Amino acid sequence: MSPPVVLSHPFTFYGRPHHSLYVNNNGVVSFGVGVPEFTPHPFPLPGHRPFVAPYWADVDTRWGGDVFYRESRDPELLAQLARDLRPAVGPGDPVPQPTWAFVATWYRVAFFGTASKKVNTFQAVLATDDVMAFIMLNYGDIQWTTGISNGGDPHTGLGGIPAQVGFNSGDDTHYYNVLGSRTPAVLHVGRTSNVGVPGRWVFRVDEFTATEGPPPETAWDTQGTPRATDRTPGTTQTTARATEETSEEEPSYICG
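Throughout what follows, the structure given in this document is the object of discussion. It should be emphasised that the depicted structure is a prediction, and the values quoted were computed from it without experimental measurement.

1. Re the pattern of salt bridges
Consideration 1: One pass over the structure, following the stated rule, counts 5 salt bridges.
Consideration 2: Close ionic contact of Glu37 with Arg49 constitutes a salt bridge, the shortest N to O distance being 2.8 Å. Of this pair, Glu37 sits in the loop between β3 (28-30) and β4 (51-56) while Arg49 sits in the loop between β3 and β4, and the two are 12 residues apart along the sequence.
Consideration 3: Between Arg200 and Asp84 there is a salt bridge whose closest N-O contact spans 3.5 Å. One end of the pair, Arg200, is in strand β11 (residues 200-204); the other, Asp84, is in helix α1 (residues 75-85), with 116 residues separating them in the sequence.
Consideration 4: What emerges from the salt-bridge pattern is a single network uniting Asp93, Arg204 and Asp206.

Next comes the structure, spelled out in structure tokens:
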């Protein structure tokens, strides 16, 4: 994991401002304390540990890939974020105008015990305008779900206990498990969304809102098989409105 990253601007996560965070190798951005565990668990978690999990799994960069992170007040990045965050707010809410962002990217990372060239690219973006706070989870090419310590196959990176995706506020009340987490279907997270953009999930996290995307045409069951879905009011649904894969040659968002 990274050393504590002291933030130049506090990030409010369900009523609590955080002035530092950790970027953990295992696909987690955590507040207050690092998360060394490589076995993912469903949310909520005991122990009041707030963190964001774009892809909590047994990442091992010794076998390939890099983890990058940075704060930004770059006007171009913030303008793009303003556009991309807009679907996460209701029609009566102010339009997001972020003034600060933190971007963490896991780029073409391998899994523990790999005997293959399978790699994943994914990202977490934190953004705030001093009133509203958001997390954005972005996915490029996702090729594996599980390291061998969690029962995964060294050649396929599948099986065992697959990755967990979502966030945990640490208050035992506010948390979110993205559909398919800890099942084979998480392999397809790069084709799902709650904002109508495949490979992107956005949540407002200064208060609890579950943002629904357009009615899904297709989702995946827990075995990773395509199926039709019904829309359930009040819950976030996956969408699969496009079949194109994000290029494996570059991250899925602004990661430089």
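Here the narrative resumes.
2. Details of the sheet that holds strand β7 (residues 120-128)
Consideration 1: Strand order in the open sheet formed by 5 strands is β5-β6-β7-β8-β11, and the pairing between neighbours is antiparallel. Looking at which strands have only one partner, the edges of the open sheet turn out to be β5 (66-72) and β11. In this sheet, adjacent strand axes meet at a mean angle of 10° when their direction is disregarded.
Consideration 2: Direction of pairing for β5 relative to strand β6 (residues 100-109): antiparallel, over a ladder of 7 bridges. Counterpart to Glu71 in the pairing with β6 is Phe102.
Consideration 3: Sheet strands touched by α1: β5, β6, β7, β8 (133-142) and β11. Its angle to β6, the strand with the most contacts, is close to 85°.

3. Here's the deal with the pairing of strand β2 (residues 16-24)
Consideration 1: Direction of pairing for strand β1 (residues 5-13) relative to β2: antiparallel, over a ladder of 5 bridges. Its bridge partner lying in β2, Phe13 is registered against Arg16.
Consideration 2: Here β1 folds back onto β2, and the loop between the two strands holds 2 residues, one of which, Tyr14, carries a positive phi near 50°.
Consideration 3: Bridging between β2 and β3 involves 3 bridges; their strand directions are antiparallel. Bridging from a neighbouring strand, Asn24 pairs with Val28 of β3.
Consideration 4: What sits between β2 and β3 in their antiparallel hairpin is a turn of 3 residues, with Gly27 showing a positive phi close to 90°.

4. Topic: the side chain of His9
Consideration 1: By the secondary structure assignment, His9 is in strand β1.
Consideration 2: Residue His9 is classed as buried on the basis of its relative accessible area of 12%.
Consideration 3: At 2.4 Å, the side chain of His9 and the side chain of Asp130 are in polar contact.

What counts and what doesn't
- All residue numbers refer to positions counted from 1 along the written sequence of the respective chain.
- Since the coordinates come from a predicted model, pLDDT governs what is reported: local features require at least 70, and pairs of side-chain atoms require 80 or more to be given and counted, while whole-chain, interface and lining totals use all residues.
- The basis for every side-chain value is the complete set of heavy atoms in the structure, and neither hydrogens nor water enter the calculation.
- In the sections that follow, a salt bridge refers to a side-chain nitrogen of Lys or Arg positioned within 4 Å of a carboxyl oxygen of Asp or Glu.
- Helix and strand labels come from DSSP, where a helix needs a run of H or I of at least four residues and a strand needs a run of E of at least two; each type is numbered from the N terminus.
- Should DSSP find at least two bridges between two strands, the strands are taken to pair.
- Every angle, taken between N-to-C directions, lies between 0 and 180 degrees, and every axis is a line fitted to C-alpha atoms, over only the stretch in contact when it is a helix.
- Here a residue-residue contact requires only that any non-hydrogen atoms of the pair lie within 4.5 Å.
- For the exposure calls, accessible area comes from a 1.4 Å probe over protein chains only, and a residue counts as buried if that area is under 20% of its type's maximum, exposed if over 50%, partly exposed in between.
- Two N or O atoms form a polar contact when they lie within 3.5 Å of each other; inside protein one atom must be a possible hydrogen donor and the other a possible acceptor, and for residues adjacent in sequence the pair counts only when both atoms belong to side chains.

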